[in-house]
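# Structure at a glance
This is what each chain is made of:
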Amino acid sequence: MDFFIEFVLELVLDLFIEGSIEVSSNHKFSKWIRYPLLVLLLLFFAAVIFLLFFLGVYLLPENLAAGILMFVLGLFFLIGGIVKFIKMYRRKMR
């Protein structure tokens with residue numbers, strides 16, 4: 001039963017994320033559809049990054065290596081997201 005729930009959750013999130021990315025970059029859709037989907041997508045990724053930072057700080061007193069690993073992983077995701085956003089913004093401005 002756990003496998004089924006995991007499979008369904010992965011399928012739904014995959015469809016949501018892939019669909020949001022495709023719709024937000026397609027100019028055939030209205031801005032009223034693209035922008036809310038883009039905001040939801042950004043909120044989802046921001047929540048994942050925040051969770052990694054939170055786990056890093058929470059695990060620091062108990063397990064130093066795991067806390068540092070989670071914090072660094074969150075930092076890499078944050079930096080990677082910022083770099084990707086800057087590249088996409090510069091490409092659109094051309």
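Here, the structure is the one placed above.
Below is a short write-up of the structure. (Residues numbered from 1 in each chain as written. Predicted model: local features only at pLDDT ≥ 70, side-chain atom pairs only at ≥ 80, totals over all residues. Heavy atoms only, no water.)

Turning our attention to the environment of Ile 21. Positionally, Ile 21 belongs in helix α1 (residues 2-25). Distance from Ile 21 to Leu 40, taken between C-alpha atoms, is 11 Å for residues 19 residues apart in sequence. (Helix = DSSP H or I, 4+ residues; strand = E, 2+ residues; numbered from the N terminus.)

Two elements in contact, α1 and helix α2 (residues 31-59), have axes whose closest approach is 9 Å; the angle formed by their N-to-C orientations is 130°. Relative to α2, the element α1 lies oblique. The hand of the α1/α2 crossing is left-handed. Here Leu 13, Phe 16, Ile 17, Ser 20, Ile 21, Val 23 and Ser 24 of α1 lie close against α2, whose contacting residues are Ile 33, Arg 34, Leu 37, Leu 38, Leu 40, Leu 41, Phe 44 and Phe 45. A per-class count over the contact of α1 with α2 returns 12 nonpolar, two polar and one charged. (Axes fitted to C-alpha atoms, helices over the stretch in contact; angles between N-to-C directions. Parallel < 35°, antiparallel > 145°, perpendicular 65-115°, else oblique. Left-handed = near helix turned anticlockwise from the far one by under 90°. Contact = heavy atoms within 4.5 Å. Nonpolar A, V, L, I, M, F, W, Y, C, P; charged D, E, K, R; others polar.)

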